[in-house]
Structures are given as C-alpha cells and as structure tokens.
Amino acid sequence: MRYTAGIILLLLITAVVLVNLTPVQNFLARKSADILSKKLKTKVEIGHVRIDFLNHILLQGVFIADQSNDTVLYAGEAQVRITDWFIFKDKPELHYLGLKNAYIHMYRTATSKAWNYDFIEDAFSTPGSNKDTAAGKPFEFDLKKIELDNVRLHMDDKWGGEDQEYDIGSLLVNSEGLDFKKKLLEVSTIVGKNSIVTLRDYPAGKPKSLHKRIVYNDTTPFNPGMWAANVKSISLENCEFHLVMDDKKPIPGEFDYNHIDIKKINAYVRAGTISGDTIRGNV
C-alpha cells in the first residue's frame, strides 16, 4: 500500500512538472483546439496556453467561430486563478477572472429565432436532456475578483427587434461572496471607466402572431429571481449611455425620450443595495 501511494505521488509530481513546460502547454493548446473544433464542427483556435501549478490558467489568442464562420468569441487574453489544489476541495474558490482585448458577438437574424451560439449548447447537451430543466447539483464557486480591459459584448437581435452593445474600457469588480442558495451577492467595489452602453429598438423580424403581451402580475418585474445584492461602492468615470427607440429624426430644441445620449458620466455610489424591486444607495 505504501509503495503504491509513493508511485501515485511521483506520477502526480511528474504530471505537474510536465504541465508547466511551455512545449507541453502549447501542445495541449493545439490538442484542445482540435478537440473543440471537431466537437463544435466549426473553427476554434488557441494561440497559447500557460498553466501554473494547477491554480492559474492563461489563454491567449482564443477564437471561436459560429456555423456561418462569423466570430462568436475572440479573446486576446483570458486568465483564471482558482484555489490551490482545487481538485481536493468541495467548493472551488475562483480568485480571479480576467478578460482583455475581447469581442463577444451574439446575434439572431430577422428570419430565425435561433441564436448563433446555440450550437455550442447543443454540442455539449446529452441526448434526451431538457435544456429548461437543471439536472443534478449546480456547480458552485466563490468569485473574488473580475477584471475586464477593452471588452466588447454585442447582442444583435433582429428577430426580437433589439440590439444591446456593452463596450467596456475597463471594469474591476471585487467580490466578497456569491451565494447561489441564498441568492445573495456581496461586493466591496465596482470601478468602471471609459465604458459605453448602447440600446436600440426597431421593428422585430418575428411574425406579429408570436409577439407576447407583457403583463406584470409579479410585484417585482425588475428582479423576478429575487436576488439580493450589497455593494459598498460603485465608481463610474467618463462613461456613456445611448438609447435609440425609433428611426425618426429628433427635433432640434425639443426633449425626445426616444433618443437619449448621455456622455461624460461620472458617478460615485456608496452603500448600494438591491432587495426585491427596490434599489437603494447614496449617489
């Protein structure tokens, strides 16, 4: 028994040493890209991968195309830091999640209700499984820090008649805890700089017979999941918000709530909370 344990320990140490070698890591990157490409039946590229002692993963030059050969995801750099030797712990702690020089593009055409990323979910779903039903125990983790630098998230929905664009210059989130069971998010600081949010509405491509009339029977339409959040401070610097609700030309000198452009947003919020449909804070 003692001899077997020694062999297992030696193999584990050898594997850790090999994984930290650059040639081995680049080989793993190519093999991972090939496997994902075959699984998704589309183009997948990973330029470089670095793994440091099973707790830090760095990916560079990540590219995933949709089935029309358009970009779903490009990330110049993606980093993840997890708990040391997380494989021996019940609840992994995600210390750090970083994304740099990234572009995420999700869209639906005017003639189809399918999103361009649906094929990814289909590829990893098991036969006979129900997408709307959660099976088994959900994966839980503690996320401590998120850092985004030059990240663009665009959702173009011609089927539903709405586009959402989030162009983030930089965003830093320091979390104190994320509890899925209690539906509670504790955040110490959120710092956003040079970021632009753009919302556009226009006639939807889907037939009028499929349009659903929205009736708010719930007293909390803003937060139907009844999540709660406590944020000690939020800081925004040089941010922008744009809203375009129709294609009519605004009349000069008159307030037009369908066309709003707010620039140079600088704000500081402390003691912010979300409870049900109520948001509180000192601004």
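Residues numbered from 1 in each chain as written. Predicted model: local features only at pLDDT ≥ 70, side-chain atom pairs only at ≥ 80, totals over all residues. Heavy atoms only, no water.

Student: Before we move on, can you summarise the pairing of strand β7 (residues 162-179) with the specific residues and values?
Tutor: In this structure, strand β6 (residues 145-157) lies alongside β7, joined through 12 bridges in antiparallel fashion. Following the sheet pairing, D149 is matched in β7 by S170. Between β6 and β7, which follow one another and run antiparallel, lie four residues, and G161 among them has a positive phi close to 80°. The pairing of β7 with strand β9 (residues 196-201) spans six bridges and is classified as antiparallel. Among the inter-strand pairings, Y166 is bridged to a residue of β9, identified as V197. Where β7 meets strand β8 (residues 184-193), nine bridges bridge the pair, whose relative direction is antiparallel. Bridging from a neighbouring strand, N174 pairs with T189 of β8. Hairpin remark: β7 followed by β8, antiparallel, with four residues in the connecting loop; positive phi at K183, about 55°. (Pairing = 2+ DSSP bridges. Helix = DSSP H or I, 4+ residues; strand = E, 2+ residues; numbered from the N terminus.)

Student: Can you break down the packing of aromatic side chains residue by residue, with the values?
Tutor: Following the criterion strictly, the structure yields one aromatic pair and no others. Ring geometry for W115 versus Y117: centroids 5.8 Å apart, planes at 25°, classification stacked. For Y117, a relative accessible area of 28% gives the class partly exposed. One Lys or Arg, K39, reaches over the ring of F124 and ends 5.8 Å from the middle of that ring. (Phe/Tyr/Trp six-rings, centres within 6.5 Å; stacked < 30°, edge-to-face > 60°. Buried < 20%, exposed > 50% of the residue type's maximum accessible area, 1.4 Å probe, protein only. Lys NZ or Arg CZ within 6 Å of the ring centre and 35° of its normal.)

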